[in-house]
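Residues per chain, in single letters:
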Amino acid sequence: LDVDGFGVDRREDGVEVGLGEVIAVAAAPSRGRLATAAGLGVNLLSRLPLTVAKYRNQEMTARIRELVARARPHLLHCDSLQASVNIPTELGIPAVLTEHNVEWVIWDRYAAQTRNPATRFALADQARKMRRYEMAASIFSSCISSLTSA
């Protein structure tokens with residue numbers, strides 16, 4: 001995961017100084033297909049969709065809190081739904097979430113097109129979890145920008 005303070009000068013020790021206007025949060029590249037397939041079974045017990053749960057990172061959440069407290073940005077930009085799992089809810093600044101897709105619809109379509117009943121069940125479970133998560137994420141954000149439509 002990547003946290004960046006835009007408009008904030010960086011010193012050699014990595015500490016940001018100056019007044020930041022925006023902090024951007026983005027997710028790291030995802031795991032391969034095999035790891036995702038194996039994770040679907042384990043994820044049946046989780047309330048979070050797999051593509052969100054695998055990005056949960058307490059160090060990231062702590063770093064975001066630290067950056068917001070130090071830089072006092074005007075805005076937090078979360079570049080993906082997956083990275084949003086690390087955004088603390090009590091920051092006290094507006095947040096913008098960019099959703100590159102309406103994720104639950106993609107999972108739902110995969111489930112509908114899958115012939116294997118076990119796989120269809122797992123994918124439909126992901127669609128339900130993703131829809132619930134996307135609705136919850138819309139509450140935390142001041143604005144959501146979707147790059148595709150359902």
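Residues numbered from 1 in each chain as written. Predicted model: local features only at pLDDT ≥ 70, side-chain atom pairs only at ≥ 80, totals over all residues. Heavy atoms only, no water.

Thoughts on the pattern of salt bridges
How we decide: By definition, a salt bridge exists where a carboxyl oxygen of Asp or Glu is found within 4 Å of a side-chain nitrogen of Lys or Arg. Only DSSP runs of H or I with at least four residues qualify as helices, and only runs of E with at least two residues qualify as strands; both kinds are numbered from the N terminus onward. We call a residue buried when its accessible area falls under 20% of the maximum for its residue type, exposed when it is over 50%, and partly exposed in between, using a 1.4 Å probe and counting protein chains only.
Taken as a whole and assessed by the stated rule, the structure comprises 5 salt bridges. Arg128 is paired through a salt bridge with Asp125; the nearest N and O atoms lie 3.8 Å apart. Placement of the pair is Arg128 and Asp125 together in helix H5 (residues 117–140), with a separation of 3 residues, close to one helical turn. Asp125 gets classed as buried once you look at its relative accessible area, which sits at 11%. Of the charged contacts in the structure, one is a salt bridge between Asp125 and Lys129, with a shortest N-O distance of 3.1 Å. Taken together, the residues Asp125 and Lys129, both in helix H5 and 4 residues apart, mark about one turn of the helix. Of the two residues examined, Asp125 and Lys129, each falls in the buried class. Shared partners join several salt bridges into a network, and the residues in it are Arg63, Glu66 and Arg70.

Observations concerning the confidence of the model for the protein
The following threshold applies: Per residue, pLDDT captures the predictor's confidence, and it can take any value from 0 to 100. Only heavy atoms matter for contacts: two residues are in contact if any of them lie within 4.5 Å across the pair.
The predicted model of the protein averages 75 in pLDDT, with 67% of residues at 70 or higher. Of all helices and strands in the protein, the one with the weakest mean pLDDT is strand E3 (residues 16–17) (36), whereas helix H4 (residues 103–113) scores best (94). A low-confidence stretch, residues 5–20 (pLDDT under 50), is modelled with 33 contacts involving residues beyond four sequence positions or located in other chains.

So, helix H3 (residues 58–71)
For the α-helix, the turn length of 3.6 residues means that residues three or four positions removed from each other point alike. The following threshold applies: The span expected for a helix works out to 1.5 Å for each residue beyond the first. What the arc measures is the spread of directions leading from the helix axis to the C-beta atoms.
Helix length check: H3, at 14 residues, gives a terminal C-alpha distance of 20 Å against a target of 20 Å (1.5 Å per residue), a fit within 8%. Buried residues of H3: Met60, Thr61, Ile64, Leu67, Val68 and Ala71, and no others. Buried residues in H3, looked at end-on, bunch into an arc of 125 degrees, giving them a common side. Exposed and oriented more than 90 degrees from the buried face of H3 are Gln58, Glu59 and Ala69. Just downstream of H3, Arg72 is the residue with a positive phi angle, here 45 degrees.

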